[in-house]
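# Reading the structure
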Amino acid sequence: MVKTYRPENLQEALRIRRETHAVPLAGGTDLMVRYRSWAGTLPKFPWPVLFINHLTELKTMGLREDGLHIGAGVTLSEIEREMEAPQALRAAVSEMAAPALRNLGTLAGNICNASPAGDAVCVLYALDAQVVLTSLSGARTVSVMDFITGPGRKDLNDDELMTDIIIPHANFSHVSYRKVGTRKANALSKMSFCALAKTKLGRIDDVRIAFGAVGPTVVRSWETEKKLLGMDADDLKDHLSAIHDDYDAMIHPIDDQRSTAVYRKQVSLNLLDQFLQNLVKEL
Amino acid sequence: MKISCTVNGTPRVFHAEPHEDVQHLLKREGYISVRDSDDAEGFAGSDTILLDGIPVYAKLLSVGQIQGRTISTPESLLSGRKLSVIQQAMVDAGVVQSGYNAPAAALLLSELLERDPDPSEAAVKDALSGLFNRATGYQQFFQAVEIAKERMKDPDYATEIAPEFRDDLRVVGKVRPKIDGTKLVAGWKAFVEDMVEPGSCTLKMLRSPHAHAYITDIDTTAAQAIPGVLAVITHLNCPDRYYGKAGQGFPEPSPYDSRMFNQKVRHVGDRVAAVVAETPEIAEQALSAIKVTYEVLPAIFTVDEAMADDAPIVQNGVVEYMAGAPDDLEQYNASAEPKDGKVVIQFPIHADPHRNIAAGAHGSIGDVDQGFSEADTVIERTYETSQIQCTPLETHISYAKMDGDRVILHASTQVPWHLRRIVATALGISENKVRVIKERVGGGYGSKQDILLEDVTAYASFLTGRPVLYHYSRKEEFIGNSTRHPMKITVRLGSKKDGSITAVYMDVRANTGPYGNHCLTVPMNACSKSLPLILCPNMKFDVTTYYTNIPPTGAYQGYGAPKGSFALMTALGELASELGLDLLDVIEKNRVRDGSLLEILKCLGEGREGTPAYVKSCGLEPALTEGANMIDWGVKEQADDPDVMIGKGVAIIQQGSGLPGLDHSCADIKMLADGSFMLHSGGADLGTGLDTVSVKFAAEVLCVDMGQVSILSGDTDNTPFDTGAYASSGTFFSGSASMFAAEDLKKEILSSAAAILKEPVEDLALAVPGKVVSTSGAELTYWEIAQETQAGLGRGQLVGYASFTTEDSAFPYGAHFAQVSVNRLTGEIHVDKYYALQDCGTPINPELALGQIYGGSFKSIGHTLYEDMMLDDQGVCQVTGLRDYGVPMISELPTDFKAVLVPTDDPYGPFGGKSVSEISCNGAAPAIANAIHDAVGIWIRTWPMTPEKVLRALGNI
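Residues numbered from 1 in each chain as written. Chains lettered and ligands numbered in written order. Predicted model: local features only at pLDDT ≥ 70, side-chain atom pairs only at ≥ 80, totals over all residues. Heavy atoms only, no water.

### Notes on the nonpolar core
- In this structure, Met90, Phe541, Phe817, Ile928, Ile932 and Met945 of chain B are the most contacted members of the largest nonpolar core, which totals 181 residues.
- The residues touching Ile932 of chain B, leaving out its near neighbours within four places in the chain, are Val820, Val822, Ile829, Gly937, Ile938, Ile940 and Met945 of chain B.
- With 57 residues, the next largest nonpolar core counts Leu68, Ile70, Leu101 and Phe147 of chain A among its residues. (Core = buried A, V, L, I, M, F, W, Y, C linked by side-chain atoms within 4.5 Å. Buried < 20%, exposed > 50% of the residue type's maximum accessible area, 1.4 Å probe, protein only. Contact = heavy atoms within 4.5 Å.)

Here's what the structure looks like:
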């Protein structure tokens, strides 16, 4: 028999988490699928479950000094409707699932899933998003890319709960988010691409480029992005093939049932080239 | 644990297991409209409820999440028996057909309209983006929302829902609500799962992990020792009988090549053992306690592997013939392996099981060699189609119970009578000991023609005396179900410079998988439903079907036609391109037309001599003209995005209307004491509206409103025989039987009235609303006639009866046009426009006919572009759910999607009607292949036409 807990408040949730290491379930849209059984029997959780979807402390969302804070209990639908949320994130959230999933599922759950194919995670990488991990001993903040350590693996201690996601302030003049799937909505993507750039006086002032589902984790390179900073249209034109080659060397997708490695790689580079060429035109 | 929440306005306290999901809870508490189509995949939406007013999937919700919250189920939409505005609008728009998750759709749209009384098309798409609908596609939901929106402002709002036909008729050809629409959209008891009594047992199946193996040992002792396990059935204790599972008429053109369980397993997912237990949990526990030892054999998965000289033999058993055995049979069987069992062939079908050949067919007209030598250009191309799934929303289900010594089967089937025959055969009892009750079918599409689980469910109940339920999981649906036969089709076309075709050769190599269900007829259909589209004096075909170890195949809407059409119509496009001619001109030069004699059909009987047929009605000319206009044929379109190229394509298609000479339908109709009518039809309405067709025919003939005619259909105890709903036979065969039964009753009514009025019968006629009028001015109401005939000294209840058979054919035709955008960076293909123009003779239910066309076209767009049952190199299906399999959802709808009815009046069809549904599956693949070529100059010759294949063909990978 599975043990389940329904704490009254966050403090109690953290205590139960420390004492039992019960697995937190907010929306449940991932866990209920993963531990489902087939035809007529009940889901089979291999561990105790801690319900946190009703905790009001986790349901806040709003701008603060360090950026947009999204509580771990905030649903994807609520983020989609939040005007302060970055455009690319809202697009990713609305395309990733049908309303009945968005209405239950949370971004925190999506991050904890640690899937290299998570569409929202690709965008969060590009946005430099951070997560707040809280336990009875205190809280720590880590970047999403440090939090996700591999497919399905994450830096979460067994007494911690993810309580908040922080998206630092930033403005972009160029936003490109593409989810390439077999079908549009409600499908896992073959690959996703998120590129953000800000230009100032004809030069690149900020740029972030992230590729989802092309490696064990989302691919993003500070080194290459740094090269792009300060470039004007001519510089960028001269460096198009070098940048292309940089990413070519970094992207190592696999074959799976949704796509082939060779396709994922080619499309990643096609979308990169297109983004950079458009940038050249608009610089 | 104890859960307090509010359901549909009532505070409730439930006792639940802490890990129970909310769909499970609601269903067992009687909220039966909250169904499950995906085993908690969060995809199909049949389990949609509102939680505090917003839509969620109940199957993904744990009971721990609903404490103190408010739940609304589709039951909340009703006021008493009255449908809500959106529910009624859905029925009126024709979008409720098989209707399994129609209640969920109504709930979603109702929530949308509450939020936004004037929703945009995008808002409707978003609201329904988590709802899967296979039967009608999604197009008519927009219309339902429009109607509901207006009726919310003005309850009397009326609009033209669909064009109407035949001014000379009152109900036939007119838009009328489907007669079971209300009960389906309301979520009332309708499906097999709704008939299950408390205390019923569960059957679960242990399935083979190997693609090809002998079971060398199977130990069920531990499983049988588990308290609550009632029986374990294996190849060691099952009935020792071979029987056909194809659900066809007897004698079947499919071999009997399996028993209930076999010592040899032939695909991953093949039956190994069935457990019958008190609960699903005990059944699962018992499954894991069965110990099986396998001797694994090399396996084959493709036609090419099956053809190899040293190929492993899938069916290496003793071959027997019920008729027409070859002289060398004894010698042939010398190499047979007893562990492989038997292959019992009913009559010769060119089978050679020991060389993996399940069936074959060969034929020709004219002289093809001569034809090719006269050609200026000859092209030869090979096309491949993939294995695809029917994916009904209601997964396969069977519920059996005993009534004394009789087996009662509640079935979701297309073939109640074949099912009765096959179950009786399997159990070794006579047919009177079996009763099949066809319930509403939550999607069939062919897969509910095959007998996939009813035999073992019936036997389980027969053995244990207990009611037994077997309900497939979605995972089982992918490995234990009939699918479309993969085919490799080579087409050779010879043509003059001007595009006149001088010779056609078609070589069809089909993959039937482990068993030979439909192994002759599906592949033959690839020829018989495509070659007659072209008028060419020289034609030849070779059909060969191979056994392999892929998951089983069988019937699927369109049967062989979608594959034959894909090959032949794409080849026609390739020929036109080769000749530098316009495809539409080439089609026009060669196509079938009114009055054509289809000589090739003489070689294409289903295992018997065929008959050439004349085309008595053909709407291709108006269909092609109108379609070309709609899509601006010949005009090259430019996209805003420089990386996107646009192209247009077309295909002409055909089907049949049942199987003349093979199909047989019966009906009777009785006058009740007040002059209303009870119609008993053998027809199996699988959601398409066949019952509505039958009622319309009876009401039309008897001059009454449809409300005066009730129908019972598909119950083997209470309705007369019918071969079933397959091969597009519903309207033409079952409908004709209802029409002629009503005609027969009409004679009875007139002769009774003549006797009562003492007037000559020639002076009498039926008149609306339900009376007999005489040229003398005398009148008798049906009430008066019924009172008189059923009085103490009356002549007895008036009954009409008909059995309908025919040798005449009524071919439906169609032209499908597609416009696609192809993205050169990603290879993505988007269908911008899809126009399906179809001639179904007189459209009997115009709005339902449109729904069938939308549904068939859209599912075949899915087959063409997305759907894929990937197998790994061990034959394990990598797909366990609808999401990964890739069924098209509302977000994939063509931007502009139109189904158009092109009426003709067929002399053989009832009220001029022909079939409409199956043919809709035949156009998408070739129309899209031709459009892709027009866009970017590449030919994609295999399904699915993925972005990868596009980039590869473009040389980008």
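From this point, the narrative continues.
### Overview of empty space enclosed by the protein
Residues and elements named next belong to chain B.
- Summed over the entire model, instances satisfying the criterion amount to 5 cavities of 30 Å³ or more.
- Here the largest cavity is characterised by a volume of approximately 280 Å³.
- Forming the boundary of the largest cavity are 23 residues, of which Lys245, Asp270, Arg271, Tyr515 and Pro552 lie nearest the centre.
- Taken together, the residues that form the lining of the largest cavity break down as 10 nonpolar, 7 polar and 6 charged.
- Looking at which domains feed residues into the lining of the largest cavity, each of domain 3 (196-297 + 393-443 + 448-479) and domain 4 (487-657 + 809-953) supplies at least three. (1 Å grid on protein atoms, 1.4 Å probe; cavity = no way out; pocket = protein on both sides within 12 Å on 5 of 7 lines; lining within 4 Å. Points joined across faces, edges and corners; volume = space filled by probe spheres on them. Nonpolar A, V, L, I, M, F, W, Y, C, P; charged D, E, K, R; others polar. Domains from an automatic or database assignment.)

### Observations regarding the interface of chain B and chain A
- Counting residues at the interface gives 64 residues for chain B, matched by 53 residues for chain A.
- Between chain B and chain A, roughly 4,900 Å² of surface is buried when both sides are summed, and carbon and sulfur atoms account for 56% of that area.
- If you look at where chain B meets chain A, you find 4 salt bridges.
- We note a salt bridge from Arg178 of chain A to Glu828 of chain B, for which the minimum N-O separation is 2.8 Å. (Buried area = accessible area lost by both parts, 1.4 Å probe. Salt bridge = Lys/Arg side-chain N within 4 Å of Asp/Glu carboxyl O.)

### Section: the domain arrangement of chain A
Residue and element names in this part refer to chain A.
- Domain parsing of chain A yields domain 1 (4-167) and domain 2 (174-282).
- Measuring from the centre of the C-alpha atoms in domain 1 to the corresponding centre in domain 2 gives 26 Å.
- Between domain 1 and domain 2, a total of about 1,800 Å² is buried, with carbon and sulfur atoms accounting for 61% of that surface.
- When the area that domain 1 buries against domain 2 is broken down by residue, the three leading residues are Pro116, Cys122 and Ala126, summing to 28%.
- Viewed at the interface, domain 2 and domain 1 are joined by 3 salt bridges.

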